[in-house]
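Coordinates in review
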Amino acid sequence: MRGLPSGTELSGAWFEETLVADQGAGAVVLAVNDENLPCATASSHGDGEAVLIGSFLGMAYHDDPSSSNRRFVLNMLEWAGVERTVTSSLVGDPDHPVDLRLQKNEGGFLLFCINHGERPEDVRVALRLPGDGPLRVESLLDGRVLEVRADGRPLRLTLSLAARDVEVLVIKGESDL
């Protein structure tokens, strides 16, 4: 996998399950446990594909963030063809705990930006929103206009968030103004 050299250790939580990879049917072993038994496999059948992982990598990451678990999960998103609606320059970085949440509503979108950290953060955000017309972005908290943009998607913003602070942005298309 990209960014994970052979021998990289992953951490699981709560249980460890070993798997039987039917390599004759095209299954591939992605990871082995300490006894060299398969604990993550990939396989395909017809038009479908699956990755089976014999533990909870996300729970392990929540309790003890590791760059290898982070990279593995991000690789799985790419492998599955997931196109994230919201991405940032700080995504998944435990040293820069900024959360971004996008919510659709009747008049457009709300983007919640939360800095959980003890220091200010500058974060570059990319949003993949439907349509291609002009957008207006303004702060729900103080009404200032951050950007009016007419050059398509993705919408790119740079935000400065104070330590332990929040910003809520209202994003509307030109037809919603």
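The structure presented is a predicted model; accordingly, all values stated were derived computationally and were not measured.

**What to know about the overall build of the protein chain**
Secondary structure assignment for the protein chain yields two helices and 11 strands. Secondary structure elements in the protein chain, listed N-terminal to C-terminal, are β-β-β-α-α-β-β-β-β-β-β-β-β. Principal axes of the C-alpha set define a box for the protein chain whose edges measure 60 × 40 × 25 Å. Residue burial in the protein chain is summarised as follows: out of 177 residues, 33% are buried. Within the protein chain, contacts between residues at least 6 apart in sequence are counted, and of these 54% link residues at least 24 apart. Total accessible area on the protein chain is roughly 11,200 Å²; 49% of this is exposed by carbon and sulfur atoms. The distance from the centre of the 16 positive side-chain charges to the centre of the 28 negative ones in the protein chain is 9 Å.

**Brief notes about the side chain of E167**
Take E167: it is sitting in strand 11 (residues 166–173). Judged by its relative accessible area of 8%, E167 is buried. A polar contact is formed between the side chain of E167 and the side chain of S139, at a distance of 2.7 Å. Polar side-chain contacts of E167 include one of 2.5 Å to the side chain of R144.

**Things to note about the pairing of strand 11**
The buried count for strand 11 comes to six of eight residues, which makes it a mostly enclosed element. Here strand 6 (residues 108–115) runs beside strand 11; their pairing, made up of six bridges, is antiparallel. The partner of L110 across the bridge, within strand 11, is V170. Pairing analysis gives five bridges linking strand 8 (residues 135–139) to strand 11, with the strands arranged antiparallel. Bridge assignment links L135 to a residue of strand 11, and that residue is G173.

**Things to note about the confidence of the model for the protein chain**
Model confidence for the protein chain is summarised by a mean pLDDT of 86, while 92% of its residues fall at 70 or above. When the elements of the protein chain are averaged for pLDDT, strand 9 (residues 145–149) gives the smallest value, 73, and strand 6 the largest, 94.

**What about unusual backbone geometry?**
For W14, which is not glycine, the phi torsion reads 75° and is therefore positive. Relative to the elements of secondary structure, W14 occurs in the segment before strand 1 (28–32). Phi at R164 takes a positive value of approximately 50°, unusual for a residue other than glycine. One can find R164 in the loop between strand 10 (155–161) and strand 11.

**Structural notes on the packing of aromatic side chains**
A complete count under the given rule lists two aromatic pairs for this structure. Ring plane angle 80° and centroid distance 5.9 Å describe the contact between W14 and F56, whose orientation is recorded as edge-to-face. On the criterion of sequence distance, the pair formed by W14 in the segment before strand 1 and F56 in the loop between strand 3 (48–53) and helix 1 (57–63) is long-range, its members being 42 residues apart. Consider the rings of F15 and F56, whose centres lie 4.9 Å apart with planes at 90°: the pair is edge-to-face. Of this pair, F15 sits in the segment before strand 1 while F56 sits in the loop between strand 3 and helix 1; the two residues are 41 residues apart in sequence, bridging distant segments of the chain. Clustering of aromatic rings is evident, with ring pairs tying together W14, F15 and F56.

Reading the values: the criteria
- Residues numbered from 1 in each chain as written.
- Predicted model: local features only at pLDDT ≥ 70, side-chain atom pairs only at ≥ 80, totals over all residues.
- Heavy atoms only, no water.
- Helix = DSSP H or I, 4+ residues; strand = E, 2+ residues; numbered from the N terminus.
- Buried < 20%, exposed > 50% of the residue type's maximum accessible area, 1.4 Å probe, protein only.
- Contact = heavy atoms within 4.5 Å.
- Areas by Shrake-Rupley, 256 points an atom, 1.4 Å probe, with all protein chains shown as cover.
- Lys, Arg positive; Asp, Glu negative; His and termini not counted.
- Charge placed at Lys NZ, Arg CZ, Asp CG, Glu CD.
- Polar contact = N/O pair within 3.5 Å; in protein donor to acceptor, adjacent residues only side chain to side chain.
- Pairing = 2+ DSSP bridges.
- pLDDT = per-residue confidence, 0-100.
- Phe/Tyr/Trp six-rings, centres within 6.5 Å; stacked < 30°, edge-to-face > 60°.

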